[in-house]
Number of protein chains: 2
Amino acid sequence: MGGRNGTRARTGPSMADVAALAGVSSQTVSRVSMGLDNVRPATREKVRSAMDRLGYAPNSAARALRYGSFGTIGMIAHRLARTGESRTVEAVVEAARVEGYTVTLVDLESPTSDDMTAAVARLGHQAIDGLVIVRAEAAGPETLALPPGLPVVVSDSRFVGHHPAVGADQTAGARLAVEHLLGLGHRTVHHVSGPDDSGPAQMRIDAWRATLEAAGRDVPAVVRGDWSAASGYEAGLRLARDPDVTAVFCANDETATGLLHALHEVGRRVPQDISVVGFDDIYLAEQLWPPLTTVAQDFREIGRRLVDLLLQQVRDDEALVDVHEAVPTRLVVRESTGPAPA
Amino acid sequence: MGGRNGTRARTGPSMADVAALAGVSSQTVSRVSMGLDNVRPATREKVRSAMDRLGYAPNSAARALRYGSFGTIGMIAHRLARTGESRTVEAVVEAARVEGYTVTLVDLESPTSDDMTAAVARLGHQAIDGLVIVRAEAAGPETLALPPGLPVVVSDSRFVGHHPAVGADQTAGARLAVEHLLGLGHRTVHHVSGPDDSGPAQMRIDAWRATLEAAGRDVPAVVRGDWSAASGYEAGLRLARDPDVTAVFCANDETATGLLHALHEVGRRVPQDISVVGFDDIYLAEQLWPPLTTVAQDFREIGRRLVDLLLQQVRDDEALVDVHEAVPTRLVVRESTGPAPA
DNA sequence: CGTTAACATGTTTACGTAAACATCATCCGC
DNA sequence: GCGGATGATGTTTACGTAAACATGTTAACG
């Protein structure tokens, strides 16, 4: 694995050292350390001062070994500075904190199945009680060799039936976006999608198509993106050439940002000429120009439920494979959408 | 602390179980597990299949206890979905992966000294070999009660002399931004700053002021921001009222985004009427409208050096308090800056 | 065929903590 | 003032791993 110090590393004073200095047994030190009350105040004080003098801190490895628990959740993500990713990471970290857990992050070099497997293997050797997998793009549920018995939750619904999953309600969200645009009088809605191998991206595509079909509208060809702003920019340049395009639904807000850029550049006005809707409601969405109409994901709730579901498995020691929770999304209407041009 | 399962948690099969099934000693299992070569192929195979059958995974707590090392770096950040934060987190996680380490994240509820102390206390009980503190806004170096002997690095230079620090070269970066604007003919440059209690924010203010003074220009009053896009928006509304304002240097790209929003809204053209420069070079900067001229931080390099410096202390077991590395910044000129209006 | 080296494998031990159990002192009521 | 209860403290042990040391087995060479 590497990374380890070959020999003994920083190992501070142990309970035995404190005990020797305080003139008590190490068990008494343990009692003080855990805050039990069956210790005489005078003794407690002796131990406390010995701890302070030596700079004692409990060894969490030993504790973990004793308890079989680390108070730590593992999390696998790819390119975590991306908007959706970082919001999810933040939310999971926050929810974990409330439960008294910390989060250990591993990022993937690439979202390939191999890298995912490597990451899982590395985390399997790490000190975690459970695992959260965020947007497992390329890796399918079958290809994942997880340590048996390790509780897992996933924020990608392709894993339903394999692992419990929590995610935004992609389908309803995409429908909201498309219906909003149709309601403004647009004849149809174009879509700049996420990458092929992403479950959420596929769900947004499907819901977009289904909504158009249900309304009896033409379904234009999907413009492939990859979540990036750059792909949105390119898509924008392409779509702007077609004067029939009056409404675009982007797979995420970054893509939408790039699209807006392209439209500004070629002089198409938003929303007068073209309306744009994003997905995620990133922090910057309301400060873009124009402020972006988007489908808000409740990241905080998603993080909370991911952690809940994970800890439920950790505590009860049973897998919940069939669970799939869809967290409601809501449309946030700002200024990037307007009535279809006459 | 909380969070622990009261009784024994998931504890899979141990080496002893594998050894029993394979008919060898646990030490042989250990050898196979560690990939040593002094095991007969036939024996290795027996052990391997026993491992597979039982679903054996090494217990990292026991390993950590044995080695005194976790292969894990702790990281404290606040609001980590923020641009600069998430880029730094990403960079540190990536650099740590290269070194064979994972990163345990704790986010602060608020950047107060109390919360910081609580976070440190919680991490002190966690399984980490060293600690990275990112932008310790409110908490000063003195107020931090760190576990003695725990290697620490900080990405905020107020900690120089207390802990080794790595950060972007704020001063040079701010100077680049201001000189760029002066070079375009602007008489002076206004500044929307970060929060009072931030070290980097203060350094950017100081460098902005020093550069203006060195050029013999008027130094306008600082407009206080708080890193957020919303604060940039408000600052923008305020600054737009003053027709003398032709150039604004924002403390970060989010603030700049909000500022652009405000300027668009009131009809001031960028860069024809007002030039805007940001700081950070977030992923979206080049896709904003107009694409944002900004001071790029080399987050990847910062992350790498933070991890290097930390692991150096971990491995050599000595503190490097006097180290302070400033990673060069560079100006990325895009379209939000232009010649001063005539 | 015997001696020895080289290698494979087993045994013992320590890492730091905390539960379980054992012991010892103190204080209460009669 | 004595038996028993209560509470404080000490002792033993196990958690899973891997280093250090010990032993056994095979092969090579004279």
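Parameters at a glance
Residues numbered from 1 in each chain as written. Chains lettered and ligands numbered in written order. Predicted model: local features only at pLDDT ≥ 70, side-chain atom pairs only at ≥ 80, totals over all residues. Heavy atoms only, no water. Helix = DSSP H or I, 4+ residues; strand = E, 2+ residues; numbered from the N terminus. Rg over C-alpha atoms; globule rule 2.2 N^0.38 Å. Buried < 20%, exposed > 50% of the residue type's maximum accessible area, 1.4 Å probe, protein only. Contact = heavy atoms within 4.5 Å. Areas by Shrake-Rupley, 256 points an atom, 1.4 Å probe, with all protein chains shown as cover. Pairing = 2+ DSSP bridges. Axes fitted to C-alpha atoms, helices over the stretch in contact; angles between N-to-C directions. Least-squares fit on C-alpha atoms with pLDDT ≥ 70 in both. Expected span 1.5 Å × (residues − 1). Near = heavy atom within 4 Å. Polar contact = N/O pair within 3.5 Å; in protein donor to acceptor, adjacent residues only side chain to side chain. Buried area = accessible area lost by both parts, 1.4 Å probe. Salt bridge = Lys/Arg side-chain N within 4 Å of Asp/Glu carboxyl O.

Could you give me a rundown of the overall build of chain A, with the residues and numbers involved?
The helix and strand inventory of chain A stands at eleven helices and eleven strands. Taken over C-alpha atoms, the radius of gyration comes to 26 Å for chain A, far larger than the 20 Å a tight globule of 342 residues would show. Each of the three principal axes of chain A carries a C-alpha extent, and together these read 90 × 40 × 35 Å. Here chain A, with 342 residues, has 59% of them falling under the buried criterion. Of all intrachain contacts in chain A linking residues separated by at least 6 positions in sequence, the fraction that spans at least 24 positions is 70%. Summing over all exposed atoms, chain A offers an accessible surface of approximately 13200 Å²; the carbon and sulfur share of this is 48%.

Summarise the sheet that holds strand β11 (residues 330-332) of chain B; cite the residues concerned and give the values.
Residues and elements named next belong to chain B. One open sheet accounts for five strands, arranged β6-β7-β8-β9-β11; its pairing is mixed. Here the strands that pair on one side only, and so sit at the sheet edges, are β6 (190-192) and β11. On average, each strand axis in the sheet is tilted by 20° relative to the strand beside it, whichever way the strands run. Of the pairings in the sheet, the one linking strand β8 (residues 275-280) to strand β9 (residues 293-296) comprises four bridges and is parallel in character. Each residue of the ladder has a partner; that of Phe-279, found in β9, is Val-295. Against the sheet, helix α8 (residues 199-214) touches β6, β7 (247-250) and β8, its axis set at about 180° to β6.

Tell me about the relation of the copies chain A and chain B, and please be specific about residues and values.
Overlay of chain A on chain B (RMSD 0.2 Å): rotation 180°, translation along the axis 0.1 Å. Taken together, the rotation and translation describe the operation of a two-fold axis. Identified as the residue of chain A closest to the rotation axis by C-alpha distance is A:Thr104, at 1.9 Å. Both copies contact each other with a shared surface, as 99% of the interface residues of chain A are interface residues in chain B too.

Describe helix α9 (residues 229-240) of chain A, naming the residues involved and giving the relevant values.
Residue and element names in this part refer to chain A. A rise of 1.5 Å per residue sets the reference length of α9, with its twelve residues, at 16 Å; its end C-alpha atoms lie 16 Å apart and thus fit the reference within 8%. Taken as a whole, α9 has its buried residues at Ala-229, Ser-231, Gly-232, Tyr-233, Ala-235, Gly-236, Leu-239 and Ala-240. Residues of α9 that are buried make contact with β6 (190-192), β7 (247-250) and α10 (253-266).

Can you tell me about the protein's contact with DNA strand D, naming the residues and giving the values?
If you check the shell around DNA strand D, you find 24 residues, and the closest are A:Thr43, B:Met15, B:Tyr56, B:Arg63 and B:Arg66. In DNA strand D, atoms within 4 Å of the protein come 58% from sugar and phosphate. The contact in question runs from a phosphate oxygen of DNA strand D to an N or O atom on the side chain of A:Thr43, over 2.3 Å. Within the side chain of B:Gln27, an N or O atom sits 2.8 Å from a base nitrogen of DNA strand D. Elements with a contribution of two residues or more to the surface near DNA strand D: α2 (26-34) and α4 (60-67) of chain A together with α2 (26-34) and α4 (60-67) of chain B.

Could you give an account of the pairing of strand β2 (residues 102-108) of chain A, naming the residues involved and the relevant values?
Along β2(A), seven of the seven residues are buried, which leaves the element largely enclosed by surrounding structure. Covered by surrounding structure in β2(A) are A:Thr102, A:Thr104, A:Val106 and A:Leu108 together with A:Val103, A:Leu105 and A:Asp107, the residues of both alternating faces. Strand direction decides the pairing type here: strand β1 (residues 72-78) of chain A and β2(A), joined by seven bridges, are parallel. Counted as the bridge partner of A:Ala77 is A:Asp107 from β2(A). Summarising the sheet, β2(A) and strand β2 (residues 102-108) of chain B pair through three bridges and their orientation is antiparallel. The residue of β2(B) that forms the bridge with A:Thr104 is B:Thr104.

Could you give me a rundown of the interface of chain A and chain B, with the residues and numbers involved?
Facing the 76 residues of chain A at the interface are 75 residues of chain B. Summed over both sides, the interface between chain A and chain B buries roughly 6800 Å², with carbon and sulfur atoms accounting for 53% of that surface. Of the charged contacts in the structure, one is a salt bridge between A:Arg79 and B:Glu90, with a shortest N-O distance of 3.6 Å. Scanning the region where chain A abuts chain B turns up eleven residue pairs in polar contact (both at pLDDT 80 or more). Listed by contribution, the elements that provide at least two residues to the side of chain A that touches chain B are α4, α5 (83-98), β2, α6 (113-124), α9, α10 and α11 (299-316) of chain A. With eight residues, the top contributor of residues to the side of chain A that touches chain B is α4(A).

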